[in-house]
Amino acid sequence: MLKISVIGTGYLGATHAACMAELGLEVVGVDTDAKKIEALAHGELPFYEPELPELLQKQVRAGKLKFTTDFNEISDCDVHFICVGTPQSKDGLAADLSYVNSAFAAVAKVAKNGSLLVGKSTVPVGTAEALAKTLPANLELAWNPEFLREGFAVEDTLRPNRLVIGVTSDRAENLLKEVYAENLKDQVPWVRADLPTAELVKVAANSFLATKISFINAMAEVCEAAGGDVTVLAKAIGYDPRIGNRFLQAGIGFGGGCLPKDIRAFMARAEELGASPALEFLREIDSINLRARQRVIDLVRSELALDLKSFRIAVLGAAFKPDSDDVRDSPALDIAAQIHAAGADVVVHDPKAIEPARKRFPNLQFATEIEECVKGADLILHLTEWKVYRELDPIRIKELVKQAKILDGRNALDRDKWRNAGWQFHALGRA
Ligand code: UGA
């Protein structure tokens, strides 16, 4: 049986480690954060991700998944997956590669002869080739980008829609085929590429997704100006299979730990390569995305008053998307914080993300119950499309608020249902 290590146990690493154990490998997860490792070793996940805690506990109990802070414990592994973060650097658009560099260096020190170091982190193109030059001759490097979505991390790892590997030898490819033997039985498309192409596939995919979202949000702006309805427009263009109906949900835009920082790092890298004109459009994608947040704030002012001081606003949703407790670059939380800064009395609810949100914005008020959140509100902002919000009864909620006004920032609520219950219902991109 192959033995692998997974370096970095955040969203990506913890999921990869548990899923690879589930697929039959012996796995050791490594992280420099002793508290995190301690929790994981007891089967506890430091973040919310559906299905992952059960899988983690099952594999830890079965003895197929271990966690350590000691790199010496991975010296007998055949393959090492580097899954550490590449956040936006503090002083610009580029990605901060310090975690990747130190993870590769730490593994190289202990790795046995002939083992394969596989990068999974999202990196600027050229990183893999540069890292390969730093490795001793008895070690090999490959790049294997990850496409999992938060909220569906387990499903996307156990049943990926494609596997992309950047390699420089047949031997590396064969070793990775052994790692992914179970996935390959399911006929998952297998794409072999060179190192720069494998790195580019990842940022190209995220740039395309970001572009789709900003495209529909640009259409939403035009719909608002022209008296159209972006939800009908999206449905109609989505029937064309060349366009497709996914990722055309207009609203307050994309956030999270990936899309925003990936498009920015991609632009920064293109500039270094002398190819900035090719990615100039991503600047516009970023601006459209950030403009959606401002449009909500403008709408709130036009609904209530320029000065928000005497108003109570209930915000439903803090996570950057449903089924996640991740608040990194969350459009919902950003809007809540801006409205709070403008003087309004803001109360935020989220089914899972209150604690991480409180850590980021300790001055915001939070409510653990929806009813407590909306009580006495002059306006409700629906900003993260959790299922519980779609299931709300507008008649019951109307009894709790001060004014029956709601703004759907995700185009996910049933407008007729709310209007029939006597609500003033507004949404982005719907006149
Ligand atoms: C994204 C990609 O979808 C994954 O394939 C990739 O692996 C991951 O980044 C990564 O690089 O690690 P994720 O950040 O989990 O995954 O979230 P998405 O589901 O892509 O959603 C991103 C944002 O776009 C969310 O804020 C969501 O609310 C927003 N969105 C999505 C829209 O505003 N409209 C849509 O139609 C779809």
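Located above this text is the structure these notes cover.
Residues numbered from 1 in each chain as written. Predicted model: local features only at pLDDT ≥ 70, side-chain atom pairs only at ≥ 80, totals over all residues. Heavy atoms only, no water.

**Q** Help me out: how do you make sense of helix 1 (residues 11–22) in this one?
**A** Think of an α-helix as 3.6 residues a turn; residues three or four steps apart then line up on the same face. Taking 1.5 Å per residue, 12 residues should reach 16 Å; helix 1 reaches 17 Å between its end C-alpha atoms and fits that length. Across the 12 residues of helix 1, 11 count as buried, placing the element largely inside the fold. Among the residues of helix 1, those classed as buried are Y11, L12, G13, A14, T15, H16, A17, A18, C19, M20 and A21. Looking at the residues trailing helix 1, positive phi occurs at G24, about 110 degrees. (Helix = DSSP H or I, 4+ residues; strand = E, 2+ residues; numbered from the N terminus. Expected span 1.5 Å × (residues − 1). Buried < 20%, exposed > 50% of the residue type's maximum accessible area, 1.4 Å probe, protein only.)

**Q** What am I meant to see in the packing of aromatic side chains here?
**A** When we look at a pair of aromatic rings, we describe it by the centre distance and by the angle of the planes. Per the stated rule, a full pass over the model turns up 5 aromatic pairs. Ring geometry for Y11 against F47: centres 4.2 Å apart, planes inclined by 40 degrees, an arrangement best described as tilted. Within this pair, whereas Y11 is found in helix 1, its partner F47 is found in the loop between helix 2 (34–41) and helix 3 (52–61), the two being separated by 36 residues in sequence. On the basis of relative accessible area, Y11 is assigned to the buried category, the value being 16%. Given a relative accessible area of 12%, F47 falls into the buried group. If you follow R149 out to its NZ or CZ, it ends over the ring of F152, 4.3 Å from the centre. (Phe/Tyr/Trp six-rings, centres within 6.5 Å; stacked < 30°, edge-to-face > 60°. Lys NZ or Arg CZ within 6 Å of the ring centre and 35° of its normal.)

**Q** Would you mind going over the side chain of D326 with me for this structure?
**A** Within the element layout of this structure, D326 appears in the loop between strand 9 (312–316) and helix 13 (331–341). The buried category is assigned to D326, whose relative accessible area is 5%. A polar contact is formed between the side chain of D326 and the side chain of R328, at a distance of 2.8 Å. (Polar contact = N/O pair within 3.5 Å; in protein donor to acceptor, adjacent residues only side chain to side chain.)

**Q** In this structure, what is going on with helix 10 (residues 230–238)? I would like to understand it.
**A** For helix 10, the complete set of buried residues consists of V230, A234 and G238. The buried residues of helix 10 all sit within an arc of 70 degrees when viewed along its axis, so they share a single face. When the buried face of helix 10 is taken as reference, the exposed residues oriented beyond 90 degrees from it are V232, K235 and A236. Taken together, the buried residues of helix 10 touch helix 9 (195–226). (Arc of directions from axis to C-beta. Contact = heavy atoms within 4.5 Å.)

**Q** Just checking my understanding: could you explain the site of the ligand for this structure?
**A** Taken together, 21 residues lie near the ligand, and F147, L148, E150, K202 and N206 sit nearest. Between an oxygen atom of the ligand and a side-chain N or O atom of K202, the distance comes to 2.6 Å. Measuring from an oxygen atom of the ligand, one finds a backbone N or O atom of F320 at 2.8 Å. Contact with the protein chains removes 90% of the 710 Å² of surface that the ligand exposes when unbound. Of all elements in the fold, only helix 9 and helix 11 (259–272) reach the threshold of two or more residues within the shell around the ligand. Here the shell around the ligand takes 4 residues from helix 9, the largest share from any one element. Class assignment of the residues belonging to the shell around the ligand gives a composition of 10 nonpolar, 4 polar and 7 charged. (Near = heavy atom within 4 Å. Areas by Shrake-Rupley, 256 points an atom, 1.4 Å probe, with all protein chains shown as cover. Nonpolar A, V, L, I, M, F, W, Y, C, P; charged D, E, K, R; others polar.)

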